[in-house]
Protein chains: 2
Amino acid sequence: MSLLVTGSIGIDTVKTPHGVSEDCLGGAAVYFSMAASFFSPVRFVGVVGSDCPFDLSKVFAGRDVDLTGLEVRPQSKTFRWAGSYRGDMNDRTTDYMELNVLAEAPPSVPEAFKDSKLVFLANTAPALQHELLGQIEAPAFVAADTMNCWIQDHLDDLKALLEKIDCLIINEDEARMLANEHNLIRAARKILDMGTGLVIIKKGESGSITFSADGDKFILPAYPAADVKDPTGAGDSFAGGFMGCLAQRGRTDFETLKTAVAYGTVVASFTIADFSLDGLTSTDRVRIDERLQTLRNLTRF
Amino acid sequence: MSLLVTGSIGIDTVKTPHGVSEDCLGGAAVYFSMAASFFSPVRFVGVVGSDCPFDLSKVFAGRDVDLTGLEVRPQSKTFRWAGSYRGDMNDRTTDYMELNVLAEAPPSVPEAFKDSKLVFLANTAPALQHELLGQIEAPAFVAADTMNCWIQDHLDDLKALLEKIDCLIINEDEARMLANEHNLIRAARKILDMGTGLVIIKKGESGSITFSADGDKFILPAYPAADVKDPTGAGDSFAGGFMGCLAQRGRTDFETLKTAVAYGTVVASFTIADFSLDGLTSTDRVRIDERLQTLRNLTRF
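Below or above, wherever it landed, is the structure these notes cover. (Residues numbered from 1 in each chain as written. Chains lettered and ligands numbered in written order. Predicted model: local features only at pLDDT ≥ 70, side-chain atom pairs only at ≥ 80, totals over all residues. Heavy atoms only, no water.)

Quick look at the interface of chain A and chain B
Right, on to step 1. Contact residues are listed per partner, giving 34 residues for chain A and 34 residues for chain B.
Right, on to step 2. Together, the buried faces of chain A and chain B total about 3,000 Å²; carbon and sulfur atoms form 56% of this surface.
Right, on to step 3. Our count for the chain A to chain B interface comes out at four salt bridges.
Right, on to step 4. Note that B:Arg186 is salt-bridged to A:Asp227, the shortest N-O span being 2.3 Å.
Right, on to step 5. Our enumeration of links across chain A and chain B arrives at 17 residue pairs in polar contact (both at pLDDT 80 or more).
Right, on to step 6. Those elements that provide at least two residues to the side of chain A that touches chain B are α6 (172-179), α7 (184-193), β13 (217-220), α9 (254-271) and α11 (285-299) of chain A.
Right, on to step 7. With six residues, α11(A) is the largest single contributor of residues to the side of chain A that touches chain B.
Right, on to step 8. Residues belonging to the side of chain A that touches chain B are distributed by class as follows: 16 nonpolar, six polar and 12 charged. (Contact = heavy atoms within 4.5 Å. Buried area = accessible area lost by both parts, 1.4 Å probe. Salt bridge = Lys/Arg side-chain N within 4 Å of Asp/Glu carboxyl O. Polar contact = N/O pair within 3.5 Å; in protein donor to acceptor, adjacent residues only side chain to side chain. Helix = DSSP H or I, 4+ residues; strand = E, 2+ residues; numbered from the N terminus. Nonpolar A, V, L, I, M, F, W, Y, C, P; charged D, E, K, R; others polar.)

Brief notes about the nonpolar core
Right, on to step 1. Core analysis: the biggest nonpolar cluster contains 67 residues, and B:Phe44, B:Phe120, B:Phe141, B:Ile169, B:Phe242, B:Met243 and B:Leu280 have the highest contact counts within it.
Right, on to step 2. For this core, the element with the most residues is helix α9 (residues 254-271) of chain B, which contributes 10 residues.
Right, on to step 3. Contact partners of B:Phe242, with chain neighbours within four places excluded, come to B:Phe141, B:Cys167, B:Ile169, B:Leu198, B:Ile200, B:Leu257, B:Ala260, B:Val261 and B:Gly264.
Right, on to step 4. If you look at the next biggest cluster of nonpolar residues, it comprises 66 residues, including A:Ile169, A:Ile200, A:Ala247 and A:Leu292. (Core = buried A, V, L, I, M, F, W, Y, C linked by side-chain atoms within 4.5 Å. Buried < 20%, exposed > 50% of the residue type's maximum accessible area, 1.4 Å probe, protein only.)

A word on the packing of helix α1 (residues 28-36) of chain B against helix α8 (residues 234-249) of chain B
Residue and element names in this part refer to chain B.
Right, on to step 1. The N-to-C vectors of α1 and α8 enclose an angle of 40°; their axes lie 7 Å apart at closest approach. On the basis of their axis angle, the class for α1 and α8 is oblique. Relative to α8, α1 is oriented so that their crossing is right-handed. Contact with α1, carried on its side by Ala28, Tyr31, Phe32, Ala35 and Ala36, involves Asp236, Ser237, Ala239, Gly240, Gly241, Met243 and Gly244 of α8 and no other residues of that element.
Right, on to step 2. Tallied by class, residues from the contact of α1 with α8 come to seven nonpolar, four polar and one charged. (Axes fitted to C-alpha atoms, helices over the stretch in contact; angles between N-to-C directions. Parallel < 35°, antiparallel > 145°, perpendicular 65-115°, else oblique. Left-handed = near helix turned anticlockwise from the far one by under 90°.)

Some words on the relation of the copies chain A and chain B
Right, on to step 1. When chain A is brought onto chain B, the operation consists of a screw motion whose angular component is 180° and whose axial shift is 0.0 Å, with 0.0 Å RMSD remaining. Within this description, the copies of the chain are treated as partners about a two-fold rotation axis.
Right, on to step 2. Comparing interface residues between copies, 100% of those in chain A also sit at the interface in chain B, which points to an isologous, same-surface contact. (Least-squares fit on C-alpha atoms with pLDDT ≥ 70 in both.)

Details of the pairing of strand β12 (residues 208-212) of chain B
Residues and elements named next belong to chain B.
Right, on to step 1. Burial within β12 is extensive, with five of its five residues counted as buried.
Right, on to step 2. Residues Ser208, Thr210 and Ser212 of β12 are buried on one face, and the alternating residues Ile209 and Phe211, pointing to the opposite face, are buried as well.
Right, on to step 3. Strand direction decides the pairing type here: strand β11 (residues 198-202) and β12, joined by five bridges, are antiparallel. Opposite valine 199, over in β12, you have phenylalanine 211 as the bridge partner.
Right, on to step 4. The loop that links β11 with its antiparallel partner β12 comprises five residues; one of these, glycine 204, has a positive phi angle of about 60°.
Right, on to step 5. When β12 meets strand β13 (residues 217-220), the two strands line up antiparallel, connected through four bridges. Looking across to β13, one finds that isoleucine 209 is bridged to isoleucine 219.
Right, on to step 6. The antiparallel hairpin formed by β12 and β13 contains four residues in its connecting segment, where glycine 215 sits at a positive phi of about 100°. (Pairing = 2+ DSSP bridges.)

Following this line, the structure appears as structure tokens:
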């Protein structure tokens with residue numbers, strides 16, 4: 001099935017106990033596309049300013065990522081983000097964020113992409129996610145990410161979006177905030193009651209829980225990572241592996257969703273092993289599949 | 001295989017958002033024995049003062065818990081502990097603790113118990129754990145628990161103990177403290193380097209990781225619990241289910257250890273559903289086995 005992603009392209013500066021990576025390539029759509037490209041072709045929709053130092057056609061060279069939806073705005077500046085991670089890498093601080101082009105009108109979905117069946121709406125204002133989704137003719141399965149600021153300040157927009165999508169992918173703190181509920185099992189149920197058919201709550205080094213409105217459940221630990229250099233992009237890589245697997249298999253039944261979650265988990269474990277996209281670009285599908293089998297063995301009893 | 005536990009018997013007062021349980025029965029050896037009794041006979045070693053309001057022979061009526069090792073000291077007072085849990089039940093505050101009889105000499109292991117093969121040394125001063133262990137003639141598999149105060153103030157004693165035991169069962173914060181390492185995978189390896197053949201790191205609502213010195217690994221999520229009333233005793237119930245399963249099966253190979261970890265996880269999920277021992281005493285082996293199968297299905301892909 002055809003897979004489309006809309007999301008940010010960023011110039012990131014990341015500090016971790018393992019080093020500093022200045023002005024490196026980042027952004028949700030970039031991590032997502034790199035991760036998904038191990039599984040299926042990707043249709044990329046995003047926008048940068050004229051200052052963007054990265055040539056995405058080179059970044060994705062040799063990968064089936066269609067950049068027809070990449071818009072360069074001559075009068076605009078590219079999104080910038082800087083963040084720091086402390087000791088255990090589970091908490092991060094945003095040092096600065098310049099929305100720049102992301103504060104403008106969203107990019108248009110190209111005509112050739114409008115028949116996309118699988119859609120991932122990376123984190124942005126829920127009203128923009130809604131608008132982007134409206135440009136797709138007949139999506140079969142739509143997943144979205146969100147974050148705390150939209151939950152706090154744009155809750156009505158977010159709830160309207162939840163009624164239109166099939167899957168919310170969200171981290172545990174955001175799930176608790178959205179559901180106003182400490183217990184994650186109850187939080188998952190409350191989020192499903194808001195209208196989405198599936199919720200995946202990401203727990204960082206503790207894996208994820210996946211609940212469906214039909215009562216299906218899947219709980220998976222993270223791949224055990226002893227060497228975490230930079231967690232940036234882990235969530236978007238998870239989403240990329242997840243959606244890429246669904247696109248490759250052409251199905252969204254719960255058994256396939258479980259395998260897709262496991263692939264997302266494994267792909268994210270490569271992302272966090274190095275700065276920027278280096279962890280992803282230095283692996284391949286064979287190693288991803290090996291790690292999937294390892295994860296299966298580690299959790300089986 | 002014969003299973004012996006040494007540990008505390010307590011008069012607990014617990015406050016959670018779900019209510020208050022005053023002067024109820026608690027203590028590591030009590031939770032452990034109740035949990036293990038679903039699987040195998042238990043030999044109980046512990047000490048109380050003359051003020052103890054609980055008749056343990058009635059508490060364990062109908063269960064194969066041998067109280068020959070229960071010592072009542074007429075001049076002493078029973079251990080007391082009071083604690084409070086906040087919102088998400090993952091953090092607790094100790095409101096007060098009166099060691100009382102636990103600050104005196106440890107109980108003696110009865111002659112009839114000295115041939116025990118499986119031994120669980122519940123949390124106490126590592127020097128006392130060492131002394132108790134010395135009373136067992138030829139144990140086959142020894143597991144121990146510990147806590148932050150011993151790691152901080154009695155590290156040499158604890159390290160000496162780790163060279164004598166087969167398995168350390170420890171929670172994640174304590175594992176990080178003991179290993180002086182944030183990353184839990186690295187922490188597990190460092191703890192194994194201290195001499196124990198197996199380490200089980202408990203992560204509360206996120207399950208556990210089990211690493212062996214031989215390189216075997218097992219990662220298991222917690223059973224998804226929507227209704228957590230009182231987490232007190234969860235760790236000791238986990239240890240009881242774990243050791244009880246090993247005793248019943250009479251083996252300690254890694255495949256059996258994995259199943260035992262899963263049983264410990266499931267038994268703990270019953271403990272936290274109610275105050276004091278009520279969650280454990282209101283279940284049975286059939287329901288424990290059903291929940292084990294559910295956990296297996298929830299994690300399989």
